[in-house]
Amino acid sequence: MLKAKLTTLILVGLLLAAVVGYFFSGFVMSHNSLFLLGTAISVAVYLAFFLIRVLLIKEWWLSFALITAEILIIDLFLLKSPLIWLLGATIITIIILFTAYWKGRAQVNNIIKIHFYNIQHIVLSTAIFGLILFGTIVYLSSINLENMYVEKQPISYIIQLNEGIVSKLLPGFSAKISFNDLMRMLVSKTNRQLPLENIDVAVADVNQRISRSVGINIHPQENIIDGLQKIINAALVKIPDQLKILIVVGLGVIIFFTINGGTFIFIWIIGILTWLIYKLILTTNFARINLEKSQKETITIE
């Protein structure tokens, strides 16, 4: 029976890794938002199961082997990525995920009663960090430096995710405003003493300067996302390939910290899912909680 249950844990983990690899590779190749949603959901389920496995599997070598096998399965869907980048991301992610397992097991071994919340936070914060880093590295490796082109989806995602922060600096800001409205906000913010009737003149001047510098025309009522996409892609054409590497690195930092900023919410979502699975495996007797007598070392003055 024990072997059957271990086999189930192994097969489910490998299957979930394959699902993650399928959706993530689809997103890398197509930049389709549905594949991105599928990636987020499949990663959440994978991490929930990963946390359950931290509680159930005591053998470190078996956990290390499973983590390695699962990341390699994800890699099978990403073989079109540059192998150097993929290999580096794989090694780093395996180490980080195993560190998450090790921290979780240390927490389990050092407590008398299982505190689900503490274990959840320790394991998931590290594991999510590793998977975000893996995804960022692989995604950036897919960028062609000679023909760099930024899609609307990442621009829209970054703007919408940081909309609340920007709106505090620029009241009235949203992802749906026009490019002209954005310029008006910036001009008003930087030139508080400028008379109201002169703001439109200043905005028109700024728009002309941007158009001359990047060589494109932006319609005043054009959506901010469309306008920024045109500006970024027009600017990329003029940048030497050597400097584009720095841009890729900067983009990676932005993507990583933008996604990592939502880790707290993601941990709670995965935690709820894990708790439901945890209760299910206890109810179905797949696993059970045993009480063990243990000696505790104390120090007193006598």
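Residues numbered from 1 in each chain as written. Predicted model: local features only at pLDDT ≥ 70, side-chain atom pairs only at ≥ 80, totals over all residues. Heavy atoms only, no water.

Asker: Describe the overall build of the protein chain, and please don't skip the residues or the numbers.
Answerer: When you go through the protein chain residue by residue, the secondary structure sums to 12 helices and 0 strands. For the protein chain, the α and β elements follow one another from N to C terminus as α-α-α-α-α-α-α-α-α-α-α-α. Per-residue burial over the protein chain gives 39% buried out of 302 residues. Put simply, of all contacts in the protein chain between residues at least 6 apart along the chain, 72% involve residues at least 24 apart. A total accessible area of about 18400 Å² is found for the protein chain, and carbon and sulfur atoms account for 67% of it. (Helix = DSSP H or I, 4+ residues; strand = E, 2+ residues; numbered from the N terminus. Buried < 20%, exposed > 50% of the residue type's maximum accessible area, 1.4 Å probe, protein only. Contact = heavy atoms within 4.5 Å. Areas by Shrake-Rupley, 256 points an atom, 1.4 Å probe, with all protein chains shown as cover.)

Asker: How would you sum up a nonpolar patch on the surface? Please name residues and give values.
Answerer: On the surface, a nonpolar cluster with roughly 540 Å² of combined accessible area is contributed by Tyr22, Leu76, Phe77, Leu79 and Leu83. Along the chain, Leu83 turns up in helix H4 (residues 83-109). (Patch = residues over 30% accessible without salt bridge, like charges linked within 9 Å, V, L, I, M, F, W, Y side chains within 5 Å. Salt bridge = Lys/Arg side-chain N within 4 Å of Asp/Glu carboxyl O.)

Asker: Go over the nonpolar core with me, naming the residues and quoting the values.
Answerer: In terms of nonpolar packing, the biggest core is built from 77 residues, with Tyr46, Leu47, Phe50, Ile67, Leu97, Phe134 and Phe173 touching the most fellow members. Sort the elements by how many residues they give to this core and helix H5 (residues 116-141) lands first, with 12 residues. Discounting chain neighbours no more than four positions away, the residues touching Leu47 are Leu124, Ala127, Ile128, Leu131, Phe266 and Ile270. (Core = buried A, V, L, I, M, F, W, Y, C linked by side-chain atoms within 4.5 Å.)

Asker: I'd like to hear about the pattern of salt bridges, residue by residue, with values.
Answerer: Per the counting criterion, the structure on display carries 2 salt bridges. Here Arg53 ties to Glu70 by a salt bridge, and the two come within 2.4 Å at their closest N and O atoms. Residue Arg53 is located in helix H2 (residues 33-56), and its partner Glu70 is located in helix H3 (residues 60-76); the two are separated by 17 residues in the primary sequence. Among the residues examined, Glu70 registers a relative accessible area of 0% and is labelled buried. The partner of Lys230 in a salt bridge is Glu222, with the nearest N and O atoms 2.8 Å apart.

Asker: If you had to explain the environment of Leu131 to someone new, which residues and values would you point to?
Answerer: With respect to the helices and strands, Leu131 occurs in helix H5. For the pair formed by Leu131 and Ala89, sequence separation is 42 residues and the distance between their alpha carbons is 9.4 Å. Apart from residues lying up to four places away in sequence, Leu131 is in contact with Val43, Tyr46, Leu47, Thr93 and Leu97.

Asker: Please give an account of the environment of Met148 that cites residues and values.
Answerer: Within the secondary structure, Met148 sits in the loop between H5 and helix H6 (152-161). Among the residues examined, Met148 registers a relative accessible area of 12% and is labelled buried. Placed 88 residues apart in sequence, Met148 and Leu236 show a C-alpha to C-alpha distance of 6.8 Å.

Asker: Tell me about the side chain of Ser141, residues and numbers included.
Answerer: Relative to the helices and strands, Ser141 is located in helix H5. Apart from the residues lying within four places of it in its own chain, the contact partners of Ser141 are Ser81, Pro82 and Trp85.

Asker: Could you give me a rundown of the packing of aromatic side chains, with the residues and numbers involved?
Answerer: Scanning the model with the defined rule gives 9 aromatic pairs in all. Taken together, a centroid distance of 6.4 Å and an interplanar angle of 35 degrees make the contact between Tyr46 and Phe50 tilted. With a gap of 4 residues between them, Tyr46 and Phe50 both fall in helix H2, about one helical turn apart. Grouping aromatic residues by their ring pairs yields a cluster made of Trp60, Phe64, Phe98, Tyr101 and Trp102. (Phe/Tyr/Trp six-rings, centres within 6.5 Å; stacked < 30°, edge-to-face > 60°.)

Asker: Report on the packing of H2 against H4, specifying residues and quantitative values.
Answerer: The contact between H2 and H4 brings their axes to 9 Å, and the two run at 45 degrees. On the basis of their axis angle, the class for H2 and H4 is oblique. Like other packed secondary-structure pairs, H2 and H4 cross with a definite hand, here right-handed. Residues Tyr46, Phe50, Val54, Leu55 and Leu56 of H2 touch H4, and the partners they reach there are Leu97, Ala100, Tyr101, Gly104, Arg105 and Val108. (Axes fitted to C-alpha atoms, helices over the stretch in contact; angles between N-to-C directions. Parallel < 35°, antiparallel > 145°, perpendicular 65-115°, else oblique. Left-handed = near helix turned anticlockwise from the far one by under 90°.)

Asker: Tell me what's going on with H2, and back it up with residues and numbers.
Answerer: The terminal C-alpha atoms of H2, which comprises 24 residues, lie 35 Å apart, in line with the 34 Å expected from a rise of 1.5 Å per residue. Two or three places before Leu34, at the opening of H2, Asn32 has a side-chain oxygen 2.7 Å from that residue's backbone nitrogen. (Expected span 1.5 Å × (residues − 1). Polar contact = N/O pair within 3.5 Å; in protein donor to acceptor, adjacent residues only side chain to side chain.)

Function-wise, these values are silent; they only describe arrangement.
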